[in-house]
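Residue strings, one per chain:
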Amino acid sequence: MAQDETREAFGFSVDTHLFRELGELLVGRDSTALIELIKNAYDADASQVVVRGERLRYGDGVIVVTDNGIGMTPEIFQGAFLRIAGRYKEKGSRRSPLYSRQYTGAKGVGRLSAHKLAQRLVINSVPQRVVTRDSERRGVRAVIDWERVENDYETVEDAKKGLDVRSFIAESGQEPGTELRLEKMRRRWTSQALSNFVAQVASCRPPRELVDEPPRNIFAPDALSNNLVVSSQAAEDPGFQIKFEGDLNAGDDLWPQLLEQADWLVEIFARPEGVRFNIQPSRAQRADRDDLRDYQLRRDHPDPEKGPFFSARIYARVGPLRGGIGERAASLQTFARRSRGIRVYVEGFRVLPYGDGGDDWLYLDRDYSRRERTFDIKLDSESSQILEPIDRESFLIQGNDQYAGAVFMTGEGAAALRPVVNREGFVQDAAFDIFRELVRNGVDLLTRVRASHKIESKQQRQSVRRQELKNQIPARSDELPTADAELHPAGNQQAAVDMDGDEDLSLPISVTRNELRSLQDELGPDSGAGPRLERIEKAIDYIEEAQRGDEGRATLQILAGVGLQLAAFVHDINGILGLAQSIRSLTEAARREEDSARRKSLLKDLETAADELVQSLTRQSSYLVQVVGPDARRRRRRLPYPQAIEPSLRLLATSISERRIEVVQRVDPGARTPPMFPAEITIVMTNVLTNAIKAAGDKGRILVWAEQGNDGGLLFRIENTGTRVDLVTSERWFRPFESTTTDVDTILGQGMGMGLPIVRRLLTEYNGSARFVEPSPEYDTAVEIRVPGRRIGQ
């Protein structure tokens, strides 16, 4: 050492702002922060934790987390809770002392979750004998004022002076456990933000319906597997229950009702020895289609040494929710939106954001839009023979909204997956790609099964149709239809059979050229049928030419229907502008208001106005997606009556509710419409229902009546109380710009006199009709819609 050098006693110091920086970095969202505190209760061998929220929409909100776990001694509190990134949970086998649970947290930063949520943390912990070496049970009470720690002290070392920690001797009958009280919350939640927060926190543990055996009244038990592994809990573990109270009460649990909507079940078991897929239809699906079967398929695991290894149970729904309208149906719709998607759980705790609204970790929504042509699924040779790839199978891909399920992993099974630093999912590396591939394989195999059964049904119907054609070929050529015979394109005489299995069997003439040639080969050259089949093929040319010309007109009619709704939306804009101005005024008034009670009232009004704005925009966007979405005019389909009516009722639900209109449905649930484009059905239903709502007025009544005609066609009637239409002059309302209403409705808009003309024009393309008819005794006006099905005698 040189003579002019002096050894200094320098060392590292840490600024107190580190708490805030680490909290923001290591805990991504508020719901994740609260879930981390719940995990701490699980790691403390608690069998129950109560999470209560009070006044979270106001400035004095409080969250209290109370568990019955093993508690903390002063030594554990200092060495584990107060030590940032401590190694307490890394000692020994990384399992809890009482029930040998695998710890769910490894970074030792869970207490920073409290910092993210609140400015003040109050701790009261009573230890259990298992964690104390003394004859006395010495607990701890502490107050951590994060704001004071950060503002009054520069370094973490100095911040010790800002802690208020006291030990005490627990009474003999005092139950062990820990209470965390979070005060002075860092944010006020709006109604919508609080609703999302509660939904995410409440989903931190899987619902019993996803863990337990599927309902036996919905799925046959003999085809189910009982090998679902949710966590590594030991047999003596009593389990872990979470009870949410106050503002954190998530409301009714509608999982049983949601599972009743399921049409298919997929189970996946990824183990080192291979990946098994179990696919089965619901009992309701089997009742409709006796050819449906169960599938047990297998493939090799891409990485049998490292994994990941998991179990999964996924319920799939085909089509929209069933159940009509009303408060109960609306509640189920809301619950289904919040529960949609395929979630991920490790040791029984959810890994956000997988399965959240807007999350597309399996690329289902992306591929639903792209409709990729084939699936690359590496099944073993035996399974490949059981279920072969289907041409255009990806046309049946469904988005996340149609699935509700979960993937379960133990800590050991998820060892290959690396958590993101802020605990929001996993690093997207090779292991995660394998994980996503295997889960997506299960979903895609279900899509392939559905496509396979569609093809089988199509082939059966084609065989029946070919036999009908053999039986109906005329003996003389002069009995064949001539080229200029009436071949109205509105009869839906299309030859293609779409992947939904909806084809038109109205005329035996509607067969493809390949089928005609196959039939000619079957009949042989000596049958004399060749010239006749050529005449039929020529007739098909005329039909296709007519359909090509008709396609443009049909498209224009769809756009006209969209235009009508946009015209109604113009009236909504006035209401939206009013709501926006109200929001601006309320925000300004709340900012300047000094009286706390008055400010809270203003904020409540602000939340209400914002919710109304969201509902208005959601209502209109939902309709437009239904009408111009990718499936709206992809193909004509036979829709079950409830499914055909439901989009219009959903669009108009707010209008119905505000007017306190009673809607009575007498709809044959088993009947289906003739093949029509879904967009056309929605436009017809919406226009007729809109007129009925306007005419019914406040506290009116609407009857929705539908049944299948004798010819398989659509017979639909809307009746309403209120304004009566004179049948003698009723035809005038089918003329353009003749409106049945003149008042401007803030939701439905002012009548433009174009709804009924467009309805009639759309129905004319199917040889259908729309007209006013004599109403039932309890109603004042009735509109009847008819669309013929298969023509009698043909």
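Residues numbered from 1 in each chain as written. Predicted model: local features only at pLDDT ≥ 70, side-chain atom pairs only at ≥ 80, totals over all residues. Heavy atoms only, no water.

A. Summary view of the overall build of the chain. When helices and strands are counted, the chain shows 20 helices and 19 strands. The contacts of the chain with a sequence gap of at least 6 include a subset with a gap of at least 24, amounting to 78%. Accessible surface, the chain as shown: approximately 38200 Å² in total, 48% of it carbon and sulfur. (Helix = DSSP H or I, 4+ residues; strand = E, 2+ residues; numbered from the N terminus. Contact = heavy atoms within 4.5 Å. Areas by Shrake-Rupley, 256 points an atom, 1.4 Å probe, with all protein chains shown as cover.)

B. Focus on the confidence of the model for the chain. Taken residue by residue, the chain gives an average pLDDT of 77. The fraction at 70 or more is 70%. When the criterion is pLDDT under 50, residues 742–752 qualifies, and its contacts beyond four places in sequence or with other chains add up to 35 contacts. (pLDDT = per-residue confidence, 0-100.)

C. Up close: the pairing of strand E4 (residues 138–145). Burial analysis of E4 places six of its eight residues in the buried class, the great majority of the element. Judged from the six bridges that link them, strand E3 (residues 118–126) and E4 form a sheet pairing that is antiparallel. Bridge assignment links serine 125 to a residue of E4, and that residue is valine 140. In terms of strand pairing, E4 meets strand E5 (residues 163–169) through seven bridges, oriented antiparallel. Note on E5: the bridge partner recorded for alanine 142 is valine 165. (Buried < 20%, exposed > 50% of the residue type's maximum accessible area, 1.4 Å probe, protein only. Pairing = 2+ DSSP bridges.)

D. Main features of the side chain of arginine 717. Along the chain, arginine 717 falls in strand E17 (residues 714–720). Engagement of the side chain of arginine 717 in a polar contact is seen with the side chain of glutamate 784, the distance being 3.0 Å. (Polar contact = N/O pair within 3.5 Å; in protein donor to acceptor, adjacent residues only side chain to side chain.)

E. Here's a closer look at the sheet that holds strand E15 (residues 662–667). Read from one edge to the other, the open sheet built from five strands follows the order E15-E16-E17-E19-E18, with strand pairing classed as mixed. Sheet topology places E15 and strand E18 (769–773) at the edges, where each strand pairs with a single neighbour. For this sheet, the mean angle separating the axes of adjacent strands, direction not counted, is 15 degrees. Pairing of E18 with strand E19 (residues 781–787), which is carried by five bridges, proceeds in the antiparallel orientation. Looking across to E19, one finds that valine 773 is bridged to alanine 782. Here helix H20 (residues 755–764) sits on the sheet in contact with E18 and E19, set at roughly 130 degrees to E18. (Axes fitted to C-alpha atoms, helices over the stretch in contact; angles between N-to-C directions.)

F. Representation of the side chain of aspartate 237 in the model. Looking at the element boundaries, aspartate 237 is found in the loop between helix H7 (208–211) and strand E7 (241–246). For aspartate 237, a relative accessible area of 9% gives the class buried. Among the polar contacts made by the side chain of aspartate 237, one reaches the main-chain amide nitrogen of glycine 239 at a distance of 2.9 Å. Beyond its immediate stretch of four places on either side in the chain, aspartate 237 contacts Tyr99 and Arg101.

G. Here's a closer look at the packing of aromatic side chains. This structure, assessed with the given rule, holds 14 aromatic pairs. Ring centres of tyrosine 42 and phenylalanine 349 lie 5.1 Å apart, and the angle between their planes is 75 degrees; on these two criteria the pair is classed as edge-to-face. Here phenylalanine 349 lies in strand E13 (residues 349–350) and tyrosine 42 lies in helix H2 (residues 30–43), a separation of 307 residues in the sequence. The exposure classification of tyrosine 42 matches that of phenylalanine 349, with both residues buried. Taken together, a centroid distance of 4.8 Å and an interplanar angle of 25 degrees make the contact between tryptophan 189 and phenylalanine 197 stacked. Each member of the pair, tryptophan 189 as well as phenylalanine 197, is classed as buried. Through a chain of ring-to-ring contacts, the aromatic side chains of Phe310, Tyr354, Trp361, Phe426, Phe432 and Phe435 assemble into a single cluster. Of note, arginine 366 hangs over the ring of tyrosine 363, and the distance from its end group to the ring centre comes to 4.3 Å. (Phe/Tyr/Trp six-rings, centres within 6.5 Å; stacked < 30°, edge-to-face > 60°. Lys NZ or Arg CZ within 6 Å of the ring centre and 35° of its normal.)

H. Molecular detail of the nonpolar core. One finds Leu34, Ile38, Val51 and Leu182 to be the most contacted residues of the largest nonpolar core, which totals 46 residues. Here this core takes seven residues from H2, the largest share from any one element. In this structure, isoleucine 38 is in contact with Val49, Val51, Val201, Cys204, Phe240, Ile242, Phe244 and Phe349, ignoring residues within four places of it in sequence. (Core = buried A, V, L, I, M, F, W, Y, C linked by side-chain atoms within 4.5 Å.)

I. Representation of the packing of H2 against helix H6 (residues 191–202) in the model. One can describe the packing of H2 onto H6 by two numbers: an axis separation of 9 Å at closest approach and a directional angle of 35 degrees. Along this stretch, H2 crosses H6, giving a crossing that reads as right-handed. In contact with Asp30, Ser31, Leu34, Ile35 and Ile38 of H2, H6 contributes Phe197, Gln200 and Val201. Classifying every residue of the contact of H2 with H6 by side-chain character gives five nonpolar, two polar and one charged. (Left-handed = near helix turned anticlockwise from the far one by under 90°. Nonpolar A, V, L, I, M, F, W, Y, C, P; charged D, E, K, R; others polar.)

J. Highlighting the sheet that holds E5. Spatially, seven strands are ordered E5-E4-E3-E6-E2-E1-E7 in an open sheet, and the strand pairing comes out mixed. Each end of this open sheet is capped by a strand with a single partner; those strands are E5 and E7. Strand-to-strand twist of the sheet, defined as the mean angle between neighbouring strand axes without regard to direction, takes the value 10 degrees. One ladder, built from five bridges, connects strand E2 (residues 62–67) with strand E6 (residues 177–185); its direction is antiparallel. Following the sheet pairing, threonine 66 is matched in E6 by glutamate 179. Along the sheet, H2 contacts strand E1 (48–54), E2, E6 and E7; its crossing angle with E1, the most-contacted strand, is approximately 150 degrees.

K. Molecular detail of the environment of glycine 768. By the secondary structure assignment, glycine 768 is in the loop between H20 and E18. You can call glycine 768 buried: its relative accessible area is 16%. Linking glycine 768 and glycine 713, residues 55 residues apart in sequence, is a C-alpha distance of 9.3 Å. Apart from residues lying up to four places away in sequence, glycine 768 is in contact with Leu763, Arg786, Val787 and Pro788.

L. Molecular detail of unusual backbone geometry. The step from glycine 307 to proline 308 runs through a cis peptide bond, and the omega angle for that step is 15 degrees. Among the secondary structure elements, proline 308 is positioned in the loop between strand E10 (295–299) and strand E11 (310–316). Between leucine 352 and the following residue, proline 353, the backbone shows a cis peptide bond with an omega angle of 10 degrees. Locating proline 353 in the fold gives a position in the loop between E13 and helix H11 (364–370). Of note in this structure, aspartate 45 is not a glycine but carries a positive phi near 65 degrees. On the secondary structure map, aspartate 45 appears in the loop between H2 and E1. The backbone of lysine 184 sits at a positive phi, close to 55 degrees, despite the residue not being glycine. In this fold, lysine 184 is placed in strand E6. Classification of lysine 184 by relative accessible area gives partly exposed; the value is 37%.

M. Region of interest: the environment of phenylalanine 772. With respect to the helices, strands and loops of the structure, phenylalanine 772 is situated in strand E18. Phenylalanine 772 gets classed as buried once you look at its relative accessible area, which sits at 10%. Separated by 53 residues in the primary sequence, phenylalanine 772 and glutamate 719 place their C-alpha atoms 9.7 Å from one another. Discounting chain neighbours no more than four positions away, the residues touching phenylalanine 772 are Val725, Leu727, Ser730, Trp733, Phe734, Leu756, Thr781, Ala782 and Val783.

N. Seen up close, helix H19 (residues 678–696). Taking 1.5 Å as the rise per residue, H19 with 19 residues should run 27 Å; its terminal C-alpha atoms sit 27 Å apart, in good agreement. Taken across its 19 residues, H19 has 18 buried, putting it largely inside the fold. Looking one or two residues past H19, glycine 697 carries a phi angle of roughly 70 degrees, positive in sign. (Expected span 1.5 Å × (residues − 1).)

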